[in-house]
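# Structural features, examined
Given next are the chains, with one letter for each unit.
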Amino acid sequence: MSRWPAAAAGLAATLAAAALADSAWPALRPGVVPLVLLFLTTLLATGSGRAVAGRLGLTDLSESQKTLVGATLGLGLLSLGTFALGALGLFRPWAASALLALLWVAGYAELKPALESLAPDRSLLESRPLAAAAIALPLLLALWACLMPPHQYDSLVYHLALPQDYLLAGRLFAPEGLLFAHFPQNGEMLFTLALLAGSDVLAQMYVWLAFVLSIAWLFALGRREAPMSAVLLACFLTATHSAVLLTASTTYVEPVVMLWVTAGALCFERWRQVPAARGWLVLSAAFIGLALGTKYYAGLGAIALGLRLLWRAVKSQDRPAALKDLALFTGIVTVLFAPWLIKNW
């Protein structure tokens, strides 16, 4: 008989836990599900991006740097893949699932190395814990802010409204009277994928991811060129900049442009150190092309780097090789930007 009170207490505790889970899950679902989707889609994109980066012949990449390149390229693959679905009139959940499956197959061999490379820099955490915390805190706060439903004017009028119209039509098109439909929309393609997955919060998390990756680029490549204190200061100033923080938890595309322009500029500088390693120039052009396909003003970055290549060709003793580099850069940027030029014609 003494077992009955314990059994009754266990049953009561089980029923209470079930009731709590039943009541808590609806509240937690809008935040938990997008986080899981963010992790899974980013992992698939990173694997395929690492696979592409591995074909560029870059031998001076650490595994963590390769993952950073892969994630940045992977966002571009997600965007371009979603654009292709829209151009084919395949804005359907099954087509988005097929796109993600294709990325999984393409990058399957890189998934485990990508996960293993994400271990934190213990030397940094041990030697500069306050600096690491000062940079990490704004990132976490921005992620927390992503859980708020989109409510900004531009998000409701343009950044999410256009993807919603595309999904209703099942394809890309230009809604009557909406000027914004004629802008480049690599960022909006990420939002379209998020809406296909059923979450506008996920769209905001993609922007947050671009914010985090921008900081990672400053840290990973900056530490090769500058003292650690200067690199950490640059990361801190970027992470706490008011305009960056305000947009990092929204569906504004400026952080996405920031990511691809930052990556393009840093890859360009890396290539200048070893001009024979054209893989870095290819990456620079790819990132600048993706940025230009997100906002027209990213063309300033394309012009600036293009002029540097042109000046190099003028001054170079090996002018044919320098002109070849200029043609390579210009060609890749044009190819990646051309789909939006054609769509917006």
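This write-up is about the structure you can find in this document.

With that out of the way, let us pick up the overall build of the chain. On a plain count of helices and strands, the chain comes out with 15 helices and zero strands. Here the C-alpha atoms of the chain give a radius of gyration of 23 Å, agreeing with the 20 Å that 2.2 N^0.38 yields for 345 residues. Each of the three principal axes of the chain carries a C-alpha extent, and together these read 95 × 55 × 40 Å. When each of the 345 residues of the chain is scored for burial, the buried share is 47%. Of the roughly 17100 Å² of accessible surface on the chain, a fraction of 71% belongs to carbon and sulfur atoms. Of the side chains in the chain, 22 bear a positive and 17 a negative charge, and the two mean positions are spaced by 6 Å.

Core analysis: the biggest nonpolar cluster contains 93 residues, and L75, L78, Y206, F211, W217 and F287 have the highest contact counts within it. For this core, the leading source of residues is helix α9 (residues 200–222), giving 16 residues. Apart from the residues lying within four places of it in its own chain, the contact partners of Y206 are L38, T41, L75, L78, L190, L193 and A194.

This paragraph deals with helix α15 (residues 319–343). Under the 1.5 Å per step criterion, the end-to-end length of α15 is 36 Å for 25 residues, consistent within 8% with the ideal 36 Å. For α15, the principal kink sits at F337 and spans about 40°; a proline, P339, occurs within the next four residues. Turning to α15, its buried residues number three or more, namely A322, D325, L326, F329, I332, V333, L336, F337 and W340. At its buried positions, α15 is contacted by α2 (63–87), α8 (186–196), α12 (254–273), α13 (278–292) and α14 (299–315).

The rules behind each value
- Residues numbered from 1 in each chain as written.
- Predicted model: local features only at pLDDT ≥ 70, side-chain atom pairs only at ≥ 80, totals over all residues.
- Heavy atoms only, no water.
- Helix = DSSP H or I, 4+ residues; strand = E, 2+ residues; numbered from the N terminus.
- Rg over C-alpha atoms; globule rule 2.2 N^0.38 Å.
- Buried < 20%, exposed > 50% of the residue type's maximum accessible area, 1.4 Å probe, protein only.
- Areas by Shrake-Rupley, 256 points an atom, 1.4 Å probe, with all protein chains shown as cover.
- Lys, Arg positive; Asp, Glu negative; His and termini not counted.
- Charge placed at Lys NZ, Arg CZ, Asp CG, Glu CD.
- Core = buried A, V, L, I, M, F, W, Y, C linked by side-chain atoms within 4.5 Å.
- Contact = heavy atoms within 4.5 Å.
- Expected span 1.5 Å × (residues − 1).
- Bend = angle between axes of the 7 residues up to and from the residue.

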